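Close look at the chain arrangement
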Amino acid sequence: MMEQDHTKELAHIRGLMDRSTRFLSLSGLSGVVAGVVALGGAALAHYHITRASIPDADILTYGTGGGYTSADDLLIQLIVDASGVLGVALLCSWWFTWRRGHKTGQHLWDASARRLMINMIVPLSAGGIFCLALFYYGLPGLVPPATLLFYGLALFGASRYTLDEVRWLGLSELILGVIAIFWIEQGLLLWAFGFGVLHIVYGGVMYWRHERGPVTREA
Amino acid sequence: MIEGLNKAFESRVRLGIMAVLVVNEWVDHSRLREVLNVTDGNLASHLSALEELNYVLVRKRFVGKRPNTSYKNSVAGARAFREHLDAIERLIPKP
């Protein structure tokens, strides 16, 4: 009986140490939904690129630059696509995580959440500006690998403030980003794999590991 | 049997306070209350007990116009906490 008490005591302490530093309410469903949205967005982008079908388009520029062409419309369309995907994915992710936070009793905006956000936002903002610059210089073909790399770096760095799976997701995105930068013709496909399939897979694993069964509320 | 266990950590709340402080930088009062799920008064009395033992450091300052009190473990506090955990671990038979 005594031994059981001590074991419980240690588990309690470990739980407190974890809960006070990590944001553990991140919902796997957020990842799954973000992945589905990303796949939709990639399909849309692919449709726009094919429809514009600029003859002999360069893989880096998609035929943009050099005066007004139909490719300039394509560029705007791609930016609209990307913003839409980002907006919808963020909204859905926020909703599922909010719902889970509600269940576990961890406040959505506590110190651990703020720490996670800060550590994500800083590298992602740099990446976002970099990608806008790529559009500005007429190099949309480099955007898929750039987003994969910056996103991977952000996840890898911020993973110590949330669930462990995020570290592996970050590493996977980085590997895909490196492949994509040398295999630029398949950039969009690799992007769809990284932001779509990987999100669904890791989100599913996170859901399966942490969210099935009875919810353990904060003591 | 109970050699090494620290009387100061007999209370679950005090043990909880130390657990949170050793893995964080300065933690403010409301955050501690939230994580440990205890009342203000309860938390304050345990904190002052730990402060008297020089296990925690206290920082009072103003954030905007509102007073804000934060806590951090002292070196002695971290050592005492670690020794207490070691003692608990020794009580659990190895598998």
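One structure accompanies this document, and this report is about it.

Side note on the overall build of chain B
For chain B, the helix and strand inventory stands at four helices and three strands. When its helices and strands are written in sequence order, chain B yields α-β-α-α-β-β-α. Residue burial in chain B is summarised as follows: out of 95 residues, 44% are buried. The contacts in chain B between residues at least 6 apart in sequence include a share of 57% that link residues at least 24 apart.

What to know about the interface of chain A and chain B
Taken together, the 19 residues of chain A in the interface contact 20 residues of chain B. Of the roughly 1,800 Å² buried where chain A meets chain B, counting both sides, 63% is carbon and sulfur surface. When the buried surface of chain A facing chain B is broken down by residue, His6, Leu10 and Met17 of chain A rank first, second and third, together holding 26% of it. Summed over the shared surface of chain A and chain B, the result is one salt bridge. The salt bridge partner of Arg12 of chain B is Glu9 of chain A, with a shortest N-O separation of 2.9 Å. Our count for the chain A to chain B interface comes out at three residue pairs in polar contact (both at pLDDT 80 or more). Secondary-structure elements contributing two or more residues to the side of chain A that touches chain B are α1 (2-21) and α4 (111-136) of chain A. Looking at which element gives the most residues to the side of chain A that touches chain B, the answer is α1 of chain A, with twelve residues. Its residues assigned to classes, the side of chain A that touches chain B shows six nonpolar, seven polar and six charged.

What to know about the pairing of strand β3 (residues 66-73) of chain B
All names here are of chain B. By the bridge criterion, two bridges tie strand β1 (residues 27-28) to β3 in an arrangement that is antiparallel. Counterpart to Asp28 in the pairing with β3 is Ser70. Relative to β3, strand β2 (residues 56-63) runs antiparallel, the two being bridged by eight bridges. Paired with Leu57 across the bridge in β3 is Lys72. In textbook terms, the turn of a hairpin is the stretch between consecutive antiparallel strands, and for β2 and β3 this stretch comprises two residues, one of which, Gly64, has a positive phi near 70°.

Focus on the packing of helix α1 (residues 12-22) of chain B against helix α2 (residues 29-36) of chain B
Residues and elements named next belong to chain B. Interaxial distance between α1 and α2 falls to 11 Å at its minimum, and their mutual angle equals 115°. The way α1 lies across α2 gives a crossing that is right-handed. Two secondary-structure elements touch here, α1 through Val13, Gly16, Ile17 and Val20 and α2 through Leu32, Val35 and Leu36. Class assignment for the residues of the contact of α1 with α2 results in six nonpolar, one polar and no charged.

A closer look at the nonpolar core
The biggest cluster of nonpolar side chains holds 28 residues, and the ones touching the most others in it are Phe9, Ile17, Leu32, Leu36 and Phe81 of chain B. Put simply, the parts of the chain that give this core at least two residues each are α1 of chain A together with α1, α2, α3 (40-52) and α4 (75-91) of chain B. At seven residues, α1 of chain B tops the list of elements feeding residues into this core. With residues up to four places along the chain from it excluded, the contact list for Phe81 of chain B reads Ile13 and Met17 of chain A together with Phe9, Leu15, Met18, Ala19 and Val22 of chain B.

Looking at the pattern of salt bridges
Under the defined criterion, the tally for this structure stands at six salt bridges over all chains. Salt-bridge contacts for Asp164 of chain A lead to Arg22 of chain A; the nearest nitrogen and oxygen are separated by 3.0 Å. In this pair, Asp164 of chain A is assigned in the loop between α5 (143-158) and α6 (165-182) and Arg22 of chain A in the loop between α1 and α2 (28-52), connecting sequence segments 142 residues apart. The salt bridge partner of Asp40 of chain B is Arg33 of chain B, with a shortest N-O separation of 3.0 Å. Given the relative accessible area of 31%, Arg33 of chain B is considered partly exposed.

Overview of the environment of Phe156 of chain A
Residues and elements named next belong to chain A. Mapped onto the elements of the fold, Phe156 is located in helix α5. The exposure class assigned to Phe156 is partly exposed, which follows from its relative accessible area of 29%. Spatially, the C-alpha atom of Phe156 lies 7.0 Å from that of Val166, the residues being ten residues apart in sequence. In this structure, Phe156 is in contact with Arg167, Gly170, Leu171 and Leu174, ignoring residues within four places of it in sequence.

Details of the side chain of Ser30 of chain A
All names here are of chain A. Structurally, Ser30 is set in helix α2. The exposure class of Ser30 is buried, given its relative accessible area of 6%. At 2.9 Å, the side chain of Ser30 forms a polar contact with the side chain of Thr97. Once residues within four sequence positions are removed from consideration, Ser30 is found in contact with Ser93, Phe96 and Thr97.

Calculation rules
Residues numbered from 1 in each chain as written. Chains lettered and ligands numbered in written order. Predicted model: local features only at pLDDT ≥ 70, side-chain atom pairs only at ≥ 80, totals over all residues. Heavy atoms only, no water. Helix = DSSP H or I, 4+ residues; strand = E, 2+ residues; numbered from the N terminus. Buried < 20%, exposed > 50% of the residue type's maximum accessible area, 1.4 Å probe, protein only. Contact = heavy atoms within 4.5 Å. Buried area = accessible area lost by both parts, 1.4 Å probe. Salt bridge = Lys/Arg side-chain N within 4 Å of Asp/Glu carboxyl O. Polar contact = N/O pair within 3.5 Å; in protein donor to acceptor, adjacent residues only side chain to side chain. Nonpolar A, V, L, I, M, F, W, Y, C, P; charged D, E, K, R; others polar. Pairing = 2+ DSSP bridges. Axes fitted to C-alpha atoms, helices over the stretch in contact; angles between N-to-C directions. Left-handed = near helix turned anticlockwise from the far one by under 90°. Core = buried A, V, L, I, M, F, W, Y, C linked by side-chain atoms within 4.5 Å.

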